Amino acid sequence: QKRAMQASKRSHIPSFIVMDVVRDATEKERKLIEEGSDLRVIHLEVGQPSTGAPALVREAATRYLQEDLLAYTESFGIAPLRTRIAEHYSKEYSVGVKQEDVIITTGSSGGFVVAFTALFDAGSRVAVATPGYPCYRNVLQALGCEVVKIPVTEESNWQPTPAMLQAAIDADGRPLDGLIVASPSNPTGTVLSPEGMKEICDFCTANKIRFISDEIYHGLSMREGARIASALEYKSDTVVINSFSKYFCMTGWRVGWIVCSDPAIKSALEVLLQNLFISAPTLSQLGAAAAFDCAEELDGHVARYRRNLKVLVDGLPQAGFDRVRPPDGAFYLYCDVTNFLRRTGTQDSLALCRRILDDTAVALTSGLDFDPDRGHKYVRFSYSGSTAAMEDAVGRLQRWSAALPPEAHPSAALHP
């Protein structure tokens, strides 16, 4: 008898819940169309800009599509793009980054896979903040690392502190091998102050902890004129991971980068990239080199995100979503929905999001994606879409909330 094939144990990791929501939202929209409804799903679940790549990027890609062979590149990427990225650090952060220390990856996701593999062995203890981006935990688990969750709080600005890291070391009596921090963060949108970033960098240096700084949401400050610090300003051996997906609006192009100055780690990264990816998509690399000439267009999108945030901050409390801290960066709101769990009789935010999608065709993401322990009472709103979509979503949620049993009266102001 033929034995059934089974998946490997290392592949038994949690799903990326937001992508499950995208699938369910697509199915919801299909049903609405079949039913002849004019209603369409509003996507507040996924952190994806509603605009395409900048005009100059698309123009460059069109030209190269006609003129270039689009063959493999060397595994670290094309020199013109690596040079533009190095120049970006000098201009934006006054940090000297060598072109040879810039490594092009297949999105930040490919960057995480090769960076984690190069930096950590099976059994390495790597700290991540919760709530935080779920793929850190899931990829580390697949690689056999021990994930050390740091439960951050609103009081800590949803960011880890040296005291929290020291407590994690003391609790187990074993050192940490690595730390991953995102500033701005996903899902809370909070930003480490320059002083806070320096404290984290100094702690990692003093304790010989390898530090990975996820800077994918740089450029997306919700406070005009506010500066977002790069870890490279305070710790030159930080491994920085970034991408063209968010600020540069190039999610589907799948191109990102790593900054790494350590020769041994760079050598490991090169071998891993050669074997796992060969190279990032050539057309995407060629187009991305033009992205740094698109600041006016891209900053216009950031201005829209700020307007979108105001729509949500002003309107959501009237729908009962009043326990949320306005973010400093990225394009997310992380909201406590304990009151809605009581009003709807749903057991957790995953079930609540399903009900909201069914009732209103507004797609949201459960906090369980970002925090398996406390995320059951949170949801994440993404406001990266159009302002009209934000206004429509707020209206739908207000009408939906008004029809629920009045367990608690919605507050007129955001929870401080």
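The notes below deal with the structure included here. (Residues numbered from 1 in each chain as written. Predicted model: local features only at pLDDT ≥ 70, side-chain atom pairs only at ≥ 80, totals over all residues. Heavy atoms only, no water.)

With respect to the sheet that holds strand 4 (residues 146–151)
Then, number 1: Judged by pairing direction, the sheet is mixed, and its seven strands sit side by side in the order 2-8-7-6-5-3-4 without closing on themselves. In this open sheet, the two edge strands, each paired with only one partner strand, are strand 2 (102–105) and strand 4. Strand-to-strand twist across the sheet, computed as the mean angle between neighbouring axes with direction ignored, equals 25°.
Then, number 2: With three bridges connecting them, strand 3 (residues 125–130) and strand 5 (residues 178–182) associate as parallel partners. When the bridges of strand 5 are listed, Ala127 appears paired with Leu179.
Then, number 3: Along the sheet, helix 3 (residues 79–93) makes contact with strand 2, strand 7 (239–243) and strand 8 (256–259), crossing strand 2 at roughly 120°.
Then, number 4: Sitting on the sheet, helix 4 (residues 107–119) is in contact with strand 2, strand 5, strand 6 (210–214), strand 7 and strand 8, with an inclination near 165° to strand 7. (Pairing = 2+ DSSP bridges. Helix = DSSP H or I, 4+ residues; strand = E, 2+ residues; numbered from the N terminus. Axes fitted to C-alpha atoms, helices over the stretch in contact; angles between N-to-C directions. Contact = heavy atoms within 4.5 Å.)

A short note on the pattern of salt bridges
Then, number 1: Within the structure shown, the criterion is met by 21 salt bridges.
Then, number 2: Arg323 is the salt-bridge partner of Asp336, the closest N and O atoms lying 3.6 Å from each other. In this pair, Asp336 sits in strand 10 (residues 332–336) while Arg323 sits in strand 9 (residues 323–324), placing the two residues 13 residues apart along the sequence.
Then, number 3: Asp359 is the salt-bridge partner of Arg355, the closest N and O atoms lying 3.0 Å from each other. Of this pair, Arg355 and Asp359 both sit in helix 12 (residues 349–360), four residues apart, which is roughly one turn of the helix. (Salt bridge = Lys/Arg side-chain N within 4 Å of Asp/Glu carboxyl O.)

Considerations on unusual backbone geometry
Then, number 1: For the bond running from Thr130 to Pro131, omega is 5°, close enough to zero to count as cis.
Then, number 2: With respect to the helices and strands, the residue Pro131 is situated in the loop between strand 3 and helix 5 (134–142).
Then, number 3: Pro184 follows Ser183 through a cis peptide bond whose omega is 0°.
Then, number 4: You can see Pro184 is positioned in the loop between strand 5 and helix 7 (194–206).

Re the sheet that holds strand 13 (residues 378–382)
Then, number 1: Reading across the sheet, the four strands line up as 9-10-13-12 and stay open at both edges, with antiparallel pairing between neighbours. Among the strands making up the open sheet, the edge pair consists of strand 9 and strand 12 (365–366).
Then, number 2: In terms of strand pairing, strand 10 meets strand 13 through five bridges, oriented antiparallel. By the bridge assignment, Asp336 is partnered in strand 13 with Tyr378.

A look at the nonpolar core
Where a protein is soluble and globular, its nonpolar side chains tend to be buried together.
Then, number 1: Within the largest apolar cluster, 69 residues are counted, with the highest numbers of intra-cluster contacts made by Leu81, Phe244, Phe321 and Phe381.
Then, number 2: A per-element tally of this core places helix 10 (residues 295–315) first, with six residues.
Then, number 3: Among the nonpolar cores identified, the runner-up in size contains 28 residues, and Phe112, Val126, Leu140 and Ile180 belong to it. (Core = buried A, V, L, I, M, F, W, Y, C linked by side-chain atoms within 4.5 Å. Buried < 20%, exposed > 50% of the residue type's maximum accessible area, 1.4 Å probe, protein only.)

A look at the packing of helix 4 against helix 8 (residues 263–276)
Then, number 1: Contact pair helix 4 / helix 8: the axes reach a minimum separation of 9 Å and the direction vectors enclose 130°. As judged from the angle between their axes, helix 4 and helix 8 are oblique. As for how helix 4 packs across helix 8, the hand of that crossing is right-handed. Residues Val113, Val114, Ala115, Thr117, Ala118 and Leu119 of helix 4 pack against Ile265, Ala268, Leu269, Leu272, Leu273 and Leu276 of helix 8.
Then, number 2: In terms of residue class, the contact of helix 4 with helix 8 is made up of eleven nonpolar, one polar and no charged. (Parallel < 35°, antiparallel > 145°, perpendicular 65-115°, else oblique. Left-handed = near helix turned anticlockwise from the far one by under 90°. Nonpolar A, V, L, I, M, F, W, Y, C, P; charged D, E, K, R; others polar.)

Comments concerning the packing of aromatic side chains
Then, number 1: Within this structure, the stated rule accounts for 23 aromatic pairs.
Then, number 2: Aromatic side chains Tyr217 and Phe331 sit 5.9 Å apart centroid to centroid with 85° between the ring planes, which places their arrangement in the edge-to-face category. Taken together, the positions of Tyr217 in the loop between strand 6 and strand 7 and Phe331 in the loop between strand 9 and strand 10 put the pair 114 residues apart, joining distant regions of the chain.
Then, number 3: Where Tyr247 meets Phe248, the ring centres are 5.0 Å apart and the plane angle is 80°; that geometry is what we call edge-to-face.
Then, number 4: Accessibility expressed as a relative area gives 6% for Phe248, which makes it buried.
Then, number 5: Among the aromatic residues, those joined into a ring-pair cluster are Phe16, Phe112, Phe116, Phe120, Tyr133 and Tyr136.
Then, number 6: Here the basic side chain of Arg63 rests over the ring of Tyr64, its NZ or CZ set 5.1 Å away from the ring centre. (Phe/Tyr/Trp six-rings, centres within 6.5 Å; stacked < 30°, edge-to-face > 60°. Lys NZ or Arg CZ within 6 Å of the ring centre and 35° of its normal.)

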